[in-house]
Amino acid sequence: MEVGAVSVTAAPPPSVMERGGAARRADPLFKALLTGLAALVLVLIAFFLVFLFTKARIAFAHQGFLSFIFTNDWNPSKEIYGSWPLVAGTLITSAVALVIGVPVAVASALFITELCPRALRQPLTILVELLAAVPSVVYGLWGFYVLAPNLKGAEQVIDDKLGFLPFFGGGPIAGPNYFIAGLVLAIMILPIVSAISREVIATVPADHKEAALALGATRWEMIRTAVLPYSRAGITGGAMLGLGRAIGETIAVAIVIGQSPAIGHSLFSQGSTLAAQIVAEFGEAGSDDLHSGALIACGLVLFILTLAINGAARYLVIRAERAGRSGTRAARAPRPAGGTA
Amino acid sequence: MSAALDALAPVAGRRRLTDRAMRALLWAGTLVALVPLVLVLWFLLQKGLGALSVDFFTTDPTGNFLGDPGGVRSAILGTLEIVALASAIGIPIGVGVALYLVEYGGQRWFAQAVRYFVDVMTGVPSIVFGLFVYIVLVVSGIGGSFAGWKGSVALALLMLPVVTRSAEVVLALVPDHLREAALALGAPRWKVILRIVLPTALPGLVTASLLAVARAMGETAPLLFTSAIVMGRSWDLGGRMNSLPVQIYNDVSSPNDQIVARAWGAALTLVALILLITLVARFIARRSRLA
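Residues numbered from 1 in each chain as written. Chains lettered and ligands numbered in written order. Predicted model: local features only at pLDDT ≥ 70, side-chain atom pairs only at ≥ 80, totals over all residues. Heavy atoms only, no water.

Caption draft 1: The overall build of chain A, seen in detail. For chain A, the helix and strand inventory stands at 13 helices and two strands. Out of the 341 residues in chain A, the part that is buried amounts to 51%. Counting every atom, chain A has about 15,300 Å² of accessible surface; 66% of that belongs to carbon and sulfur. (Helix = DSSP H or I, 4+ residues; strand = E, 2+ residues; numbered from the N terminus. Buried < 20%, exposed > 50% of the residue type's maximum accessible area, 1.4 Å probe, protein only. Areas by Shrake-Rupley, 256 points an atom, 1.4 Å probe, with all protein chains shown as cover.)

See below:
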């Protein structure tokens, strides 16, 4: 316990302040290195835009920017590059994916977080996550050889029965088509939409749920009145992240959509998407500057679309999670006082 | 107990029915979500197992349309090489960015901007990364045209945001008192980070990296534009290189049944590889306290 006893054996090592400069000089260097790496991310994003734009400019100059997007004629052999068939295909398949995928994803998220027995929670979560481990090209292979042939009969029946509606009744249906592509996309966005929904639903304060149950609500009423309103913004954000995935998904769609760059007559006809067409024509574009410029322009449109959608989605999710956390804190604050009373 | 329950008015029939129906609906939704997983795995096993043989793993694709199509040895080798190099580039940078965000960035606007763009980058389609690398490295002809290492660069770009996002979560979990204790003992900041923070977070970082590797391994589009395809075996990352996803994509639409069978076998191999890595990652995550 005596202070003197410590210093008998050896003098204490000098503090970092007194030590030679090397150890201290390394600090700002290290910080500069890490900051540089972080700055690299911003530089990269800027680089993406600049490079894609310089290569795509020839196509925009040839066709005009708005005309490039809204002209319904994609015909490389005549040097006409109006990407509307591709943009429309991207929108159609993504819409199908959202309509099928989001309800299923949200239902599974609600079931896993609110209804299922605790022991099942972890295994079910892992199983849903496993869907994300299957690569895009494998979904494409499966969609092409299993989904498309087996669903053809059902598709034909639906197409004939709903022929009076727009987007239906296009006569004999194609094997690969918009619907199959949308269905495959629905499966592929399911894990991410479900994961984000679970995260957001988990931030709903227990007090709100307990209050609903204490007022006599059934489980479903509790979900409808306490859980869903609270997590709506976050779930919307999750769905938009799914949309971002669906829009950019390439290989699976390229395999099951038929890669024909014209808008099909119905939901069950062949078509193409921005990403799928890039893959389809990339090889033949080769050294043709205009053609490859047009494909890169497609990539740029895709990039800007996903950037905007993901940005908005992130904003919604982050805001929802923050609201969830602060809501929990605010609700819990008075608790200790209540507990002691 | 029962008296208290009796005192409560029973839930009206219509409400109870709605509750039942909606619960059943949510349950059904969950089942529907699992159907594709079962179907994909079932068909992979059914069609893929038949294609597997010793020759399948020990011969290269011949490229012959008729006759023996050959196996997928060069594709497996190529995938492993390309992904290994991509990890060597992407993981250190990804972890470095995460270190900046946790140790120095805090809530500064610059750190917030980086965080936001890393988030946004995770959503950028892989084909855009492929196009970018194609323009910057392939078209410009740096070191020849198509090459395995260029595919690695594209995959590294894809892995970077994934690694950063999960590494940031793990690093933020390292208790502050460890950092403070080390600093109080006179250690400089860089030493605290390298000797205290990183080792503490290591299992979590390994998990994050492995999950990113698993994701990169299945990507096709970036490789299609950057490392192209070649049949023969190659150790040379400087030349064109085969890989499993690109091999599958090439085989899919072939009218030759044997080649389609090879695609199923290659798909099964790829999924098995990815699942293996995912499982190892989860196992490490479970054993560590921080992840």
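Still more to cover.
Caption draft 2: Inspection of the interface of chain A and chain B at higher detail. Taken residue by residue, the interface counts 81 residues in chain A and 79 residues in chain B. At the boundary of chain A with chain B, total buried surface from both sides reaches about 7,100 Å², with 81% on carbon and sulfur atoms. For the interface between chain A and chain B, the tally reads two salt bridges. Glu-221 of chain A is paired through a salt bridge with Arg-15 of chain B; the nearest N and O atoms lie 2.7 Å apart. (Contact = heavy atoms within 4.5 Å. Buried area = accessible area lost by both parts, 1.4 Å probe. Salt bridge = Lys/Arg side-chain N within 4 Å of Asp/Glu carboxyl O.)

Caption draft 3: Here's a closer look at the pattern of salt bridges. Residue and element names in this part refer to chain B. Counted by the stated rule, this structure contains twelve salt bridges over all chains. The partner of Arg-73 in a salt bridge is Asp-60, and the shortest N-O contact between them spans 3.2 Å. In this pair, Arg-73 sits in helix H4 (residues 73–105) while Asp-60 sits in the loop between helix H3 (54–58) and H4, placing the two residues 13 residues apart along the sequence. Under the relative-accessibility criterion, Arg-73 is labelled partly exposed at 26%. Notably, a salt bridge pairs Asp-176 with Arg-179, separated by 2.8 Å at the nearest N-O pair. With Asp-176 and Arg-179 both in helix H8 (residues 176–184) and three residues apart, the pair spans about one turn of that helix. Residue Asp-176 is classed as partly exposed on the basis of its relative accessible area, which comes to 49%. By relative accessible area, which is 9% here, Arg-179 ends up buried. A cluster of three or more residues bridged by salt bridges with shared partners is formed by Glu-103, Asp-176, Arg-179 and Arg-189.

Caption draft 4: A look at helix H6 (residues 126–139) of chain B. All names here are of chain B. Here H6 contains 14 residues, and its C-alpha end-to-end distance of 18 Å stays within 8% of the 20 Å for a straight helix at 1.5 Å per residue. Of all the bends in H6, the greatest, near 30°, is centred on Val-133. A large share of H6 lies buried, amounting to twelve of its 14 residues. Among all positions of H6, only Ser-126, Ile-127, Val-128, Phe-129, Gly-130, Leu-131, Phe-132, Val-133, Tyr-134, Ile-135, Leu-137 and Val-138 are buried. Phi turns positive, to about 75°, at Gly-141, one or two residues after H6. (Expected span 1.5 Å × (residues − 1). Bend = angle between axes of the 7 residues up to and from the residue.)

Caption draft 5: Structural view of the environment of Phe-43 of chain B. With respect to the element layout, Phe-43 of chain B can be found in helix H2 (residues 13–49). Along the primary structure Phe-43 of chain B and Leu-268 of chain B are separated by 225 residues, whereas in three dimensions their C-alpha atoms are 9.5 Å apart. Beyond its immediate chain neighbours, meaning those up to four positions away, Phe-43 of chain B contacts Trp-142 and Val-146 of chain A together with Gly-48 and Trp-264 of chain B.

Caption draft 6: How the structure looks around H2 of chain B. With 37 residues, H2 of chain B ought to run about 54 Å at 1.5 Å a step, and its terminal C-alpha atoms sit 53 Å apart, in line with that. Buried within H2 of chain B we find Asp-19, Leu-26, Gly-29, Thr-30, Ala-33, Leu-34, Pro-36, Leu-37, Val-40, Phe-43, Leu-44 and Gly-48 of chain B. The elements touched by buried residues of H2 of chain B are helix H4 (84–115), helix H5 (118–130), helix H6 (136–161), helix H7 (178–202) and helix H9 (219–248) of chain A together with helix H12 (257–287) of chain B.

Caption draft 7: A nonpolar patch on the surface, seen in detail. Together, Phe-65, Leu-66 and Phe-70 of chain A make up a nonpolar patch on the protein surface, roughly 350 Å² of accessible area in all. Take Phe-65 of chain A: it is sitting in helix H3 (residues 65–70). (Patch = residues over 30% accessible without salt bridge, like charges linked within 9 Å, V, L, I, M, F, W, Y side chains within 5 Å.)

Caption draft 8: Looking closely at the side chain of Asp-251 of chain B. Structurally, the position occupied by Asp-251 of chain B is in helix H11 (residues 244–252). For Asp-251 of chain B, the residues in contact, after removing those within four places along its chain, are Ile-259, Val-260, Arg-262 and Ala-263 of chain B.

Caption draft 9: Here's a closer look at the environment of Arg-121 of chain A. Residue and element names in this part refer to chain A. In this fold, Arg-121 is placed in helix H5. Along the backbone, Arg-121 and Phe-111 are ten residues apart, and their C-alpha atoms lie at a distance of 9.0 Å. Beyond its immediate stretch of four places on either side in the chain, Arg-121 contacts Ile-112, Thr-113 and Cys-116.

Caption draft 10: Here's a closer look at the layout of surface pockets. As a volume, the second largest pocket reaches approximately 460 Å³. Counting residues per element, the ones that place at least two in the lining of the second largest pocket are helix H2 (21–63), helix H11 (274–285) and helix H12 (289–332) of chain A together with H6, helix H10 (221–226) and H11 of chain B. (1 Å grid on protein atoms, 1.4 Å probe; cavity = no way out; pocket = protein on both sides within 12 Å on 5 of 7 lines; lining within 4 Å. Points joined across faces, edges and corners; volume = space filled by probe spheres on them.)

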